[in-house]
Amino acid sequence: MPRPAIDLFHETFGTTPRSAASAPGRVNLIGEHTDYNGGPVLPIAIPARTTAAVGPPRSWVAYLAGVLRELWSLEVVPPNGSARIAVASDLPVGAGLASSAALAVAVAKALAPNLKARQIAGVAFRAEHDHVGVHCGVMDQTIAALGRRDHALLVECASLEATQIPFGARLLLVDTGKRHDLSTGGLNARRAECEEAVKRLKIELPELAWLASWPAEWLLRLKRALPEPLRSRAVHVVSETARARFAAQLLAQRKLKQFGRLLYESHESCRRLYDCSSPELDTVVGAAKRAGALGARLTGAGWGGAAIVLVNKTDKKTIPAIQRAYERAYGKTPPISEVQASAGAHVERL
Ligand code: GLA
């Protein structure tokens, strides 16, 4: 849906934009709260996207200052450069689908179409992390920039190694309608807990750089070394790291049943140990499981937002089962859509 931003630019500024680019939202299949702990994530880009149409302005505008400042420091837009920007999106904000990363990536790509996808991801990450102050990891910007149609992307967030894995399964997206705001939400608090855990674990293992690098076979030692709630947070990160890597292998071997089981386990770990679920998300995942769906879990930071549900191609029971359970609990039907793994950021034709 690139037209609205391009048309909006026309209507607002009375001229054609110099360029336009779009970037998608994402759902994360597995590997939650592992990215800023140096572990793996396995997201797909979704069809909903944000488009930015850009052109030079008549006056100096400091809009999306983070992206602009990063591009200035890379010297890909002129110093003191300025921009007119029109943005349109079909990505819901605060639904856990990484709308802020899609915005930053789309604007960066439109302003600097010749930068490599990884550089675009870096610019957008630093804009959100350093300038806006959300202590996120690199997942959202990386998948928005590097996503590929019909593929999930395994990103090892310590080394930034990225591997495309074919993904053609049937995936439902259930929006709980409960919105979160990451700039004020629990993400920064969780990240601080993880950093505190690493500080304490360094007494046991001085070379430990990332929480996700703690050896999975030393869980007992980790549990002894940490008080609650750091213990629960760290057990989640270390076990989720192993789960996400195993899940990526299963996906590559097309073992969807086993893959789906790991999604349920991941949700349980997010709920019990990382304490980032919500009653609405638990209602969706519980109903999906009882209906026989292959797997289900919250996706993204949690505390509301969306859940993903993996179903067989022929499944007809899961959607009505989720709708019934949700209606019973909350008196309304949640929007449910099917999502395909989609393309990452690209330049749009004007
Ligand atoms: C948010 C952050 C991501 C990641 C997820 C949790 O979406 O922006 O970097 O940390 O939460 O996995």
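This report concerns the structure included in the present document. Position labels on residues start from 1 in each chain and follow its written sequence. Selection of residues for local features in this predicted model requires a pLDDT of at least 70, selection of side-chain atom pairs for listing and counting requires 80 or more, and totals for whole chains, interfaces and linings are taken over all residues. To get the side-chain values, all heavy atoms of the structure are used, and hydrogens and water are removed first.

## Regarding the sheet that holds strand β11 (residues 346-348)
Threshold: Strand pairing is assigned whenever DSSP identifies at least 2 bridges connecting the two strands. Secondary structure is summarised from DSSP: a helix means a run of H or I of at least four residues, a strand means a run of E of at least two, and numbering begins at the N terminus for each. To define axes, lines are fitted to C-alpha atoms, for helices over the stretch in contact only, and angles between the resulting N-to-C directions are given on a 0 to 180 degree scale. When checking whether two residues touch, look at their non-hydrogen atoms; a contact exists if any pair is within 4.5 Å.
Strand order in the open sheet formed by 4 strands is β4-β3-β1-β11, with antiparallel pairing between adjacent strands. Edge positions in the sheet fall to β4 (84-89) and β11, since each of these pairs with one other strand and no more. Taken pair by pair, the neighbouring strands of this sheet meet at an average axis angle of 35°, ignoring direction. Where strand β1 (residues 19-28) lies against β11, 3 bridges are found, and the strand directions are antiparallel. Along β11, the bridge assignment pairs Ser22 with His346. Here helix α1 (residues 3-13) sits on the sheet and contacts β1, β3 (43-55) and β4; the angle it forms with β4, its principal contact strand, is near 140°. Sheet strands in contact with helix α5 (residues 139-146) are β1 and β3, and its direction is about 125° off that of β1.

## Considerations on the packing of helix α2 (residues 65-73) against helix α3 (residues 99-111)
Under the convention used in this document: The cut-offs work like this: below 35 degrees is roughly parallel, past 145 is roughly antiparallel, 65 to 115 is roughly perpendicular, and the gaps in between are oblique. Note on convention: the crossing is left-handed when the near helix lies turned anticlockwise from the far helix by less than a right angle, right-handed when the turn is clockwise.
Between α2 and α3, the least distance of the axes is 10 Å, while the angle of their chain directions is 40°. On the basis of their axis angle, the class for α2 and α3 is oblique. Viewed along their axes, α2 and α3 form a crossing whose handedness is right-handed. Packed against α2, whose contacting residues are Val67, Leu68 and Leu71, the element α3 presents Ala104, Val107, Ala108 and Leu111 at the interface.

## Regarding the site of the ligand
We apply this condition: Being near a molecule or strand, for a residue, means having at least one of its heavy atoms within 4 Å of it. The term polar contact refers here to a pair of N or O atoms within 3.5 Å; inside protein, the definition further demands a hydrogen-donor-capable atom paired with an acceptor-capable atom, and it admits residues adjacent in sequence only when both atoms are side-chain atoms. For every accessible area listed, the method is Shrake-Rupley and the probe measures 1.4 Å; residues are considered covered only by the protein chains on display. Each residue is assigned to one class: nonpolar for Ala, Val, Leu, Ile, Met, Phe, Trp, Tyr, Cys and Pro, charged for Asp, Glu, Lys and Arg, and polar for all the others, Gly among them.
Surrounding the ligand, one finds 12 residues, the nearest of these being Glu32, His33, Asp35, Gly137 and Asp140. Here an oxygen atom of the ligand sits 2.7 Å away from a polar atom, N or O, in the main chain of His33. The separation between an oxygen atom of the ligand and a polar main-chain atom of Gly137 is 2.9 Å. Starting from 310 Å² of accessible surface for the ligand in isolation, the protein chains cover 98%. Residue composition of the shell around the ligand, grouped by class: 6 nonpolar, 2 polar and 4 charged.

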